[in-house]
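Letter by letter, the chains look like this.
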Amino acid sequence: MKVDRHVRVRFAPSPTGPLHIGGVRSALYNYLFARKHGGTFILRIEDTDQQRYVPGSEEYIHESLSWLGLVPDEGPNHGGPFGPYRQSERKNLYTLWIDHLIERGHAYLAFDTPEELEQMRAEGLAQGLPSTSYDHNVRMRMKNSLTQTPEVIKQWLDEGRPYVVRLLIQPDQEIVVHDIIRGEVTFRTDILDDKVLMKADGLPTYHLANVVDDRHMEITHVIRGEEWLSSTAHHVLLYRAFGWEDYMPVFAHLPLILKPDGKGKLSKRDSSKSGIPVFPLDWNDDEENIHYSGFREKGFLPHATLNFLAFLGWNPGTEQELFTMKELTQVFDLEQVVKSGARFDYEKALWFNQQYIMHSDAVDLLKAVKSVLSKHSVEPLLPDDRLLTFIDLMKERVHTLEEFWTEGSYFFHAPGQYDDNGLRKKWNEANRTFLESSLIDLPEPEVASIWQDAIKEGIQKNQLKPGEIFSILRITMTGAMTGPDLFAMMAWLGKSEVLNRFKQLLDHLNEN
Ligand code: GLU
């Protein structure tokens with residue numbers, strides 16, 4: 001895509017709860033687009049809706065972006081020449097521009113009470129009108145500055161009657177939005193309502209603040225979720241009303257993220273129902289008394305999460321799936337983003353994470369693995385060199401950092417349960433006698449290959465079946481038929497622990 005202006009894009013979340021994974025994808029696409037074009041990535045907090053404000057959610061946004069490394073060039077915590085970057089700190093600007101619209105006849109004051117608005121809707125329904133919104137069909141019947149004399153309006157204002165400011169939309173116009181992803185999207189103004197631009201509390205609505213800020217922050221491209229496409233018609237009208245048409249950003253509306261079964265939009269219910277994370281970080285919803293797990297706490301690496309999210313709605317058109325951030329910024333292109341909904345495939349997320357863990361150097365995973373182990377009270381932690389070997393042995397076998405514990409806890413304590421079925425098939429007197437003596441005789445030093453040679457030699461001499469011996473040893477160490485390289489693990493555990501585990505297995509067999 002050819003871009004000739006200095007690219008300025010913004011991620012503009014509202015602090016109304018935890019940042020949804022779809023929001024993170026919007027942030028990522030904005031970030032990639034900015035990086036690709038040498039542009040600026042801005043974070044703007046859209047916090048003008050006091051009723052929906054949820055304490056802690058702005059901090060959550062900052063922490064999520066910082067965990068993922070999507071660090072804004074400008075934003076509330078980073079400053080910048082276009083600040084402040086929190087809408088609640090920009091009220092004067094909105095008042096200025098709303099006055100401008102009213103003076104030029106593009107907006108009007110509406111004093112209708114909630115009861116009157118309700119009545120209007122009920123009448124609309126009764127008459128079978130196609131829409132029951134506050135629009136060109138009804139506004140001349142309502143209590144507003146279009147229907148009342150300036151004297152009456154003045155009197156109402158003096159009385160302190162509550163009012164909102166609405167955008168005056170003329171019917172019979174066509175609005176064409178050129179969307180990078182969707183092509184030309186046409187709206188007819190006949191079906192648009194006179195949106196509230198300023199609420200009775202004097203604060204702007206999303207539409208007004210969003211457009212004013214995009215203009216003031218010199219935003220060149222608006223990259224956001226599909227749910228905002230229909231609002232874009234109103235935004236274009238606002239650009240026209242302000243006389244800013246020449247500065248209108250280019251729009252790109254990203255596809256919806258669908259549930260894992262592809263049926264409907266992914267929601268937080270999908271997380272509470274099945275435990276899959278739909279938020280980047282853990283979140284406690286105090287009102288609903290629900291704990292939602294995040295990608296971070298589930299044990300995802302930031303880059304794996306980003307790589308997975310990059311593919312939710314975009315693909316490079318080649319077979320390659322694993323991309324570093326640098327590569328992503330090179331190949332990412334908004335024109336290759338698809339229109340249709342992107343299915344949230346959690347298995348695929350796990351696959352990406354597995355790939356990243358597997359290809360990481362143990363030392364780069366050390367800190368994260370230590371914190372997983374501490375969380376599960378593996379104290380005191382072993383020296384780093386032991387943990388690094390543990391990581392190397394396990395990293396090809398896990399999908400998440402958490403699985404270093406859930407799949408590898410037997411490195412830290414003897415298994416509590418055994419695969420008795422597997423064991424029964426392999427267990428006999430000859431195998432038992434052999435293991436009893438050969439484990440005691442395991443030679444120094446505790447090196448996997450030396451132990452392996454010693455055991456193999458013994459198996460041959462006693463004419464036993466290697467498969468049986470190895471299975472029993474595996475079950476002795478891990479409780480199951482699976483696990484990493486057997487002798488490497490045994491050498492890691494050390495001779496006294498190997499003997500201890502064999503004794504525990506014998507105790508278990510005696511008890512059962
Ligand atoms: N504040 C809106 C949100 O929460 C921003 C939408 C936009 O990017 O224009 O998603």
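Reading the values: the criteria
Residues numbered from 1 in each chain as written. Predicted model: local features only at pLDDT ≥ 70, side-chain atom pairs only at ≥ 80, totals over all residues. Heavy atoms only, no water. Near = heavy atom within 4 Å. Polar contact = N/O pair within 3.5 Å; in protein donor to acceptor, adjacent residues only side chain to side chain. Areas by Shrake-Rupley, 256 points an atom, 1.4 Å probe, with all protein chains shown as cover. Salt bridge = Lys/Arg side-chain N within 4 Å of Asp/Glu carboxyl O. Buried < 20%, exposed > 50% of the residue type's maximum accessible area, 1.4 Å probe, protein only. Helix = DSSP H or I, 4+ residues; strand = E, 2+ residues; numbered from the N terminus. Contact = heavy atoms within 4.5 Å. Pairing = 2+ DSSP bridges. Axes fitted to C-alpha atoms, helices over the stretch in contact; angles between N-to-C directions. Core = buried A, V, L, I, M, F, W, Y, C linked by side-chain atoms within 4.5 Å. Phe/Tyr/Trp six-rings, centres within 6.5 Å; stacked < 30°, edge-to-face > 60°. Lys NZ or Arg CZ within 6 Å of the ring centre and 35° of its normal. Expected span 1.5 Å × (residues − 1). Arc of directions from axis to C-beta.

Some thoughts on the site of the ligand
Consideration 1: As a matter of local geometry, the ligand sits amid Arg-10, Ala-12, Ser-14, Glu-46, Tyr-206, Asn-210, Arg-224 and Trp-228.
Consideration 2: The side chain of Ser-14 places a nitrogen or oxygen atom 3.0 Å from a nitrogen atom of the ligand.
Consideration 3: Between a nitrogen atom of the ligand and a side-chain N or O atom of Glu-46, the distance comes to 2.6 Å.
Consideration 4: In the complex, the protein chains occlude 84% of the 300 Å² of accessible area that the ligand would expose alone.

Regarding the pattern of salt bridges
Consideration 1: Counting across every chain of the model gives 35 salt bridges.
Consideration 2: A salt bridge links Glu-245 to Arg-240; the nearest nitrogen and oxygen atoms lie 3.5 Å apart.
Consideration 3: For Glu-245, a relative accessible area of 42% gives the class partly exposed.
Consideration 4: When its relative accessible area of 31% is taken as the criterion, Arg-240 is described as partly exposed.

Thoughts on the side chain of Thr-48
Consideration 1: The residue Thr-48 is located in the loop between strand E2 (40-43) and helix H2 (57-68) in this model.
Consideration 2: Taking relative accessible area as the criterion, Thr-48 reaches 5% and is therefore assigned buried.
Consideration 3: Within polar-contact distance, the side chain of Thr-48 engages the backbone oxygen of Pro-204 at 3.3 Å.
Consideration 4: Filtering out sequence-adjacent residues up to four positions away, Thr-48 remains in contact with Gln-87, Lys-199, Leu-203, Pro-204 and Thr-205.

Describing the sheet that holds strand E4 (residues 164-167)
Consideration 1: Pairing is antiparallel across the open sheet formed by three strands, whose spatial order is E3-E4-E7. Pairing within the sheet leaves two strands with one partner each, and these edge strands are strand E3 (107-110) and strand E7 (196-198). Each strand axis lies, on average, 45 degrees off the axis of its neighbour in the sheet, ignoring direction.
Consideration 2: Across four bridges, E3 lies against E4 in antiparallel orientation. Across the sheet, the residue bridging to Leu-109 is Val-165, located in E4.

Structural notes on the side chain of Asp-270
Consideration 1: With respect to the secondary-structure elements, Asp-270 resides in helix H8 (residues 268-274).
Consideration 2: Polar side-chain contacts of Asp-270 include one of 3.2 Å to the side chain of Lys-259.
Consideration 3: Non-local contacts of Asp-270, meaning those with residues more than four positions away in its chain, are made with Lys-259, Lys-265, Gly-275 and Ile-276.

Some thoughts on the nonpolar core
Consideration 1: Leu-28, Leu-70 and Phe-344 are the most contacted members of the largest nonpolar core, which totals 55 residues.
Consideration 2: Residue assignment for this core shows that the elements contributing at least two residues are strand E1 (8-11), helix H1 (21-36), E2, H2, strand E9 (250-254), helix H10 (302-310), helix H11 (325-331) and helix H12 (346-358).
Consideration 3: If you tally residues by element for this core, the top one is H1, at nine residues.
Consideration 4: The residues touching Leu-70, leaving out its near neighbours within four places in the chain, are Val-24, Ala-27, Leu-28, Tyr-31, Phe-41, Leu-65, Leu-306 and Met-325.
Consideration 5: Judged by nonpolar contacts, the second largest core, of 48 residues, contains Val-378, Leu-401, Leu-486 and Leu-506.

Section: the pairing of strand E6 (residues 183-188)
Consideration 1: The pairing of strand E5 (residues 174-179) with E6 spans six bridges and is classified as antiparallel. Paired with Val-177 across the two strands is Val-185, which belongs to E6.

Here we look at the packing of aromatic side chains
Consideration 1: Using the criterion set out here, one finds 33 aromatic pairs in the structure.
Consideration 2: Each ring, one from Phe-311 and one from Phe-323, has its centre 6.1 Å from the other, and the planes form 35 degrees; the classification is tilted. Of the two residues, Phe-311 is situated in the loop between H10 and H11 and Phe-323 in the loop between H10 and H11; the sequence distance between them amounts to 12 residues.
Consideration 3: The interplanar angle of 75 degrees and the centroid separation of 4.9 Å between the aromatic rings of Phe-390 and Phe-412 together place this pair among those described as edge-to-face. Taken together, the residues span a long stretch of sequence, with Phe-390 in helix H14 (residues 384-394) and Phe-412 in the loop between helix H15 (403-406) and helix H16 (420-426) at a distance of 22 residues.
Consideration 4: These aromatic residues form a ring-pair network of at least three members: Tyr-29, Phe-295, Phe-300, Phe-308, Phe-311, Trp-314, Phe-323, Phe-332, Phe-344, Tyr-346, Trp-351 and Phe-352.
Consideration 5: Positioned above the aromatic ring of Tyr-134 is the side chain of Arg-166, whose terminal nitrogen or guanidinium carbon lies 3.8 Å from the ring centre.

Quick notes on helix H18 (residues 448-461)
Consideration 1: In this model, H18 (14 residues) spans 20 Å end to end at C-alpha, consistent with the 20 Å of a helix rising 1.5 Å per residue.
Consideration 2: What H18 keeps buried is the set Trp-451, Ile-455, Gly-458 and Ile-459. Taken down its axis, H18 places every buried residue within 100 degrees of arc, on the same side. Relative to its buried face, H18 has exposed residues pointing more than 90 degrees away, namely Gln-460 and Lys-461.
Consideration 3: Turning to H18, the residues buried within the fold contact helix H17 (429-440), helix H19 (466-478), helix H20 (486-493) and helix H21 (495-511).
Consideration 4: Downstream of H18 by a residue or two, Gln-463 has a phi angle that is positive, lying close to 55 degrees.

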